[in-house]
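Chain by chain, the residues:
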Amino acid sequence: MRLYQGKDYDDLSKKAAQIVASEIFMHPKAVLGLATGSSPEGIYRYLVKAQQEGTVDFSDVTSVNLDEYKGMFPDNEQSYHYFMEENLFQHVPFKASYLPNAVEENEEKSCREYDELIESLGGIDMQILGIGANGHIGFNEPGEVFERGTHCVTLAESTRQANSRFFDSIDDVPTHAFSMGIGTILSAKRIVLVVSGENKAQALYDAFYGPITPKVPASALQLHGHVAVFADKDALSVIKEKGLL
Ligand code: GLP
């Protein structure tokens, strides 16, 4: 992995956004894999700015998102559809944008169709990722196997707890979600991982310096040749403590 140490969250977001903008400049028809959560918000702010300044042309760019809460309709304010609309899509005119269909009753059909869609687009050129404090990427929770394609997951209690900050109460946080698989994430040509804050420091260490295991889903990123990690001081604290940086 290639590491970019940011002075702070804003700095690392700016650097990461520059990489994404360069990808679009080099490949105007790029397929971008997008993520939700606090981690990529800064990148989206800088991409919106670039759009407003006319320095990046998104009109031929397609996006596919990592995940969505099961059963949530796009107009639900807690849905990832809504988050993407608010933070990016309403400001940046992509050619087309997709998220998993989380309201399809037939889970298997929904998953198959999302995988087929990604395949029909020719795969992902650049995937933006955050990481959960338990090492999850997308909604690939710690488990016994690395899931290859889109699947429906039972969310870990720690993930529901962490995400409850966006809900009135933990009881409102969905128990299930649809997520792109680790296999699909690894088939992206380039990966941009944004990690900020001390609560992610252990996960970041485990992901890149621990064993490759589905118990730490992000550790699968060690198998990828083009991962750029954008991290701040706090997120790097465990790696530094161990004298690895
Ligand atoms: C969420 C999302 C992930 C995200 C992660 C970290 O549950 N499903 O895609 O990367 O958890 O979120 P945050 O960036 O808000 O810390």
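To be clear, the structure that these remarks concern was listed above.
Before going into details, it helps to say that this report is about the structure given with it.

Cut-offs applied
- Residues numbered from 1 in each chain as written.
- Predicted model: local features only at pLDDT ≥ 70, side-chain atom pairs only at ≥ 80, totals over all residues.
- Heavy atoms only, no water.
- Phe/Tyr/Trp six-rings, centres within 6.5 Å; stacked < 30°, edge-to-face > 60°.
- Helix = DSSP H or I, 4+ residues; strand = E, 2+ residues; numbered from the N terminus.
- Buried < 20%, exposed > 50% of the residue type's maximum accessible area, 1.4 Å probe, protein only.
- Pairing = 2+ DSSP bridges.
- Right-handed = clockwise from strand over helix to strand, strands pointing away.
- Lys, Arg positive; Asp, Glu negative; His and termini not counted.
- Salt bridge = Lys/Arg side-chain N within 4 Å of Asp/Glu carboxyl O.
- Contact = heavy atoms within 4.5 Å.
- Patch = residues over 30% accessible without salt bridge, like charges linked within 9 Å, V, L, I, M, F, W, Y side chains within 5 Å.
- Areas by Shrake-Rupley, 256 points an atom, 1.4 Å probe, with all protein chains shown as cover.
- Near = heavy atom within 4 Å.
- Polar contact = N/O pair within 3.5 Å; in protein donor to acceptor, adjacent residues only side chain to side chain.

## Remarks on the packing of aromatic side chains
Scanning all chains against the criterion turns up 8 aromatic pairs. Measuring from centroid to centroid gives 4.8 Å for Tyr69 and Tyr80, while their planes differ by 50 degrees, and the two rings are tilted. Separated by 11 residues along the polypeptide, Tyr69 in strand S4 (residues 67–69) and Tyr80 in helix H3 (residues 80–89) bring together distant segments of the chain. Residue classification places Tyr69 among the buried positions, given a relative accessible area of 1%. Taking relative accessible area as the criterion, Tyr80 reaches 12% and is therefore assigned buried. Arranged with centres 5.5 Å apart and planes meeting at 45 degrees, the rings of Tyr69 and Phe139 form a pair that is tilted. Taken together, the positions of Tyr69 in strand S4 and Phe139 in the loop between strand S6 (126–129) and strand S7 (151–154) put the pair 70 residues apart, joining distant regions of the chain. Here a set of aromatic residues connected by ring pairs shows up, and it is made of Tyr69, Tyr80, Phe139 and Phe167.

## Considering the pairing of strand S2 (residues 31–34)
Burial of S2 is two-sided: the residues Val31 and Gly33 facing one way and the residues Leu32 and Leu34 facing the other way are all buried. In the sheet, S2 pairs with strand S3 (residues 62–65) via 4 bridges, with the strands oriented parallel. Within the sheet, the bridge partner assigned to Leu34 lies in S3 and is Asn65. As for the winding sense of the linkage, the β-α-β connection from S2 through helix H2 (residues 41–53) to S3 is right-handed.

## Overview of the side chain of Asp232
For Asp232, the position within the fold is in the loop between strand S10 (227–231) and helix H8 (237–241). Buried charge Asp232 goes without a salt bridge, the closest partner of opposite sign being Lys240 at 8.9 Å. Beyond its immediate chain neighbours, meaning those up to four positions away, Asp232 contacts Gly6, Asp8, Tyr9, Leu12, Val195, Ser196 and Gly197.

## So, the pairing of S7
Residues His151 and Val153 line the buried face of S7, whereas the alternating positions Cys152 and Thr154 sit on a face that is not buried. Bridge count for S7 against strand S8 (residues 176–179) is 4 bridges, and the pairing is antiparallel. Across the sheet, residue Thr154 finds its bridge partner in S8, namely His176.

## Notes on a nonpolar patch on the surface
Together, Met1, Tyr209 and Leu244 make up an exposed nonpolar region whose accessible area comes to about 270 Å². For Met1, the position within the fold is in the segment before strand S1 (2–5). Owing to a relative accessible area of 46%, Met1 belongs among the partly exposed residues under this scheme.

## Brief notes about the site of the ligand
Residues in contact with the ligand amount to 15 residues; listed here are only the nearest, Ser38, Ser39, His136, Arg165 and Lys200. Between the ligand and the protein, one listed contact pairs an oxygen atom with a backbone N or O atom of Ser38 at 2.7 Å. In the complex, 94% of the free accessible area of the ligand, which totals 390 Å², lies under the protein chains.

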